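Listed here are the chains, written in short residue letters.
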Amino acid sequence: MTLKEFFSFKQNKFFWINIIGMIVVVVGVIFGVLKAIDAYTRHGEAVVVPDVKGLSLADAQKMFSDRKLNCVVADSNYVKSLPAGCILDYNPTAGLRVKEGRTIYLTINTLNIPLQEVPDVADNSSVRQAEARLLAAGFKLTGNDSIPGEKDWVYEVRYKGQPLGMKAKVPVGAVLTLVIGNGSEAITSDDSLEADSLGTSEPTSSENAVTDDDWF
């Protein structure tokens, strides 16, 4: 077979028709795949994440739903100055463009005030030391109650009038009351009995003496 005969197929029109057909098929497959990928990933369809910070959870969910976005509560923190359940933060953040159906992860203000352990200051601290420790822990203090005892010594810590035991927990930032000594000694039952005995005097001989009638 000569070289001319080997390349003679180039003159066959069916050969070129087949080549063109294959090219068309390949281009069509590639085009179809790209379109399918765009449809699956919703290429070019994007919405802007709205600003919902500070809104209630219900309001935020409605705003996301109106934009065909989903949202879930992923975390919670406690900010006393903000309403319970309001949106503190979220990801993706406001202003970003995302595809429809994207899930937004929310951080909300906790619905229940967390509890915090009260520092152990009862019967082992002066009023100044106790106030410093309690304030540093984030608690608030109201006017102190006083009882007979060593002056300025903390005997008890109360919350809403109830005494707190060791390792007691109360809401964060709660208002506490210190019960401190006023410097006077407590009167015991023995002391009261002694005071009663001192206050009772024995009858004198003049009180017990009987006046004799005049014999005349």
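Structure: above.
Residues numbered from 1 in each chain as written. Predicted model: local features only at pLDDT ≥ 70, side-chain atom pairs only at ≥ 80, totals over all residues. Heavy atoms only, no water.

**Focus on the pattern of salt bridges**
Here is step 1: Tallying each qualifying case throughout the model produces three salt bridges.
Here is step 2: With its nearest N and O atoms 2.7 Å apart, the salt bridge here joins R158 to E156.
Here is step 3: Within this structure, D145, E156 and R158 form a network of salt bridges that share partners. (Salt bridge = Lys/Arg side-chain N within 4 Å of Asp/Glu carboxyl O.)

**Quick word on a nonpolar patch on the surface**
Here is step 1: Taken together, the side chains of V25, V26, V29, I30, V33, L34 and I37 make up a nonpolar region of the molecular surface, amounting to roughly 610 Å² of accessible area.
Here is step 2: Within the fold, V33 resides in helix α2 (residues 13-41). (Patch = residues over 30% accessible without salt bridge, like charges linked within 9 Å, V, L, I, M, F, W, Y side chains within 5 Å. Areas by Shrake-Rupley, 256 points an atom, 1.4 Å probe, with all protein chains shown as cover. Helix = DSSP H or I, 4+ residues; strand = E, 2+ residues; numbered from the N terminus.)

**A short note on the environment of S126**
Here is step 1: Considering the arrangement of structural elements, one finds S126 in the loop between β6 (115-117) and α4 (127-136).
Here is step 2: Sequence separation between S126 and D152 is 26 residues, and the spatial gap between their C-alpha atoms is 5.8 Å.
Here is step 3: With near-sequence residues (within four places) excluded, S126 lies in contact with D152, W153 and V154. (Contact = heavy atoms within 4.5 Å.)

**A short note on the sheet that holds strand β3 (residues 87-91)**
Here is step 1: In space, the three strands of this open sheet follow the order β2-β5-β3, with mixed pairing throughout. At either margin of the open sheet sits one strand with a lone partner, and together these are β2 (70-77) and β3. Strand-to-strand twist in this sheet, taken as the mean axis angle between neighbours without regard to direction, amounts to 30°.
Here is step 2: As judged from the four bridges shared by β3 and strand β5 (residues 103-109), these two strands associate in the antiparallel manner. Following the sheet pairing, D89 is matched in β5 by T107. (Pairing = 2+ DSSP bridges. Axes fitted to C-alpha atoms, helices over the stretch in contact; angles between N-to-C directions.)

**Section: the nonpolar core**
Here is step 1: V118, L164, V170, L176 and L178 are the most contacted members of the largest nonpolar core, which totals 16 residues.
Here is step 2: Mapped onto this core, the elements with two or more residues apiece are α4, β9 (154-159) and β12 (175-181).
Here is step 3: Aside from chain neighbours lying at most four places away, what touches V118 is L134, F139, V157, L164, A168, V170 and L176.
Here is step 4: Of all hydrophobic cores here, the second largest spans 13 residues; its members include V47, V49, L69 and V98. (Core = buried A, V, L, I, M, F, W, Y, C linked by side-chain atoms within 4.5 Å. Buried < 20%, exposed > 50% of the residue type's maximum accessible area, 1.4 Å probe, protein only.)

**Examining the packing of aromatic side chains**
Here is step 1: Following the criterion strictly, the structure yields one aromatic pair and no others.
Here is step 2: Between F64 and Y90 the ring centres are 6.3 Å apart and the planes differ by 70°, which places this aromatic pair in the edge-to-face class. Of the two residues, F64 sits in helix α3 (residues 57-66) while Y90 sits in strand β3, which places them 26 residues apart along the sequence. This pair shows no difference in class: F64 is buried, exactly as Y90 is. (Phe/Tyr/Trp six-rings, centres within 6.5 Å; stacked < 30°, edge-to-face > 60°.)

**A word on unusual backbone geometry**
Here is step 1: Of note, the bond from N91 into P92 is cis; its omega dihedral lies within 30 degrees of zero at 0°.
Here is step 2: Relative to the elements of secondary structure, P92 occurs in the loop between β3 and β4 (97-98).
Here is step 3: One non-glycine residue, D123, adopts positive backbone phi at about 65°.
Here is step 4: Mapped onto the secondary structure, D123 falls in the loop between β6 and α4.

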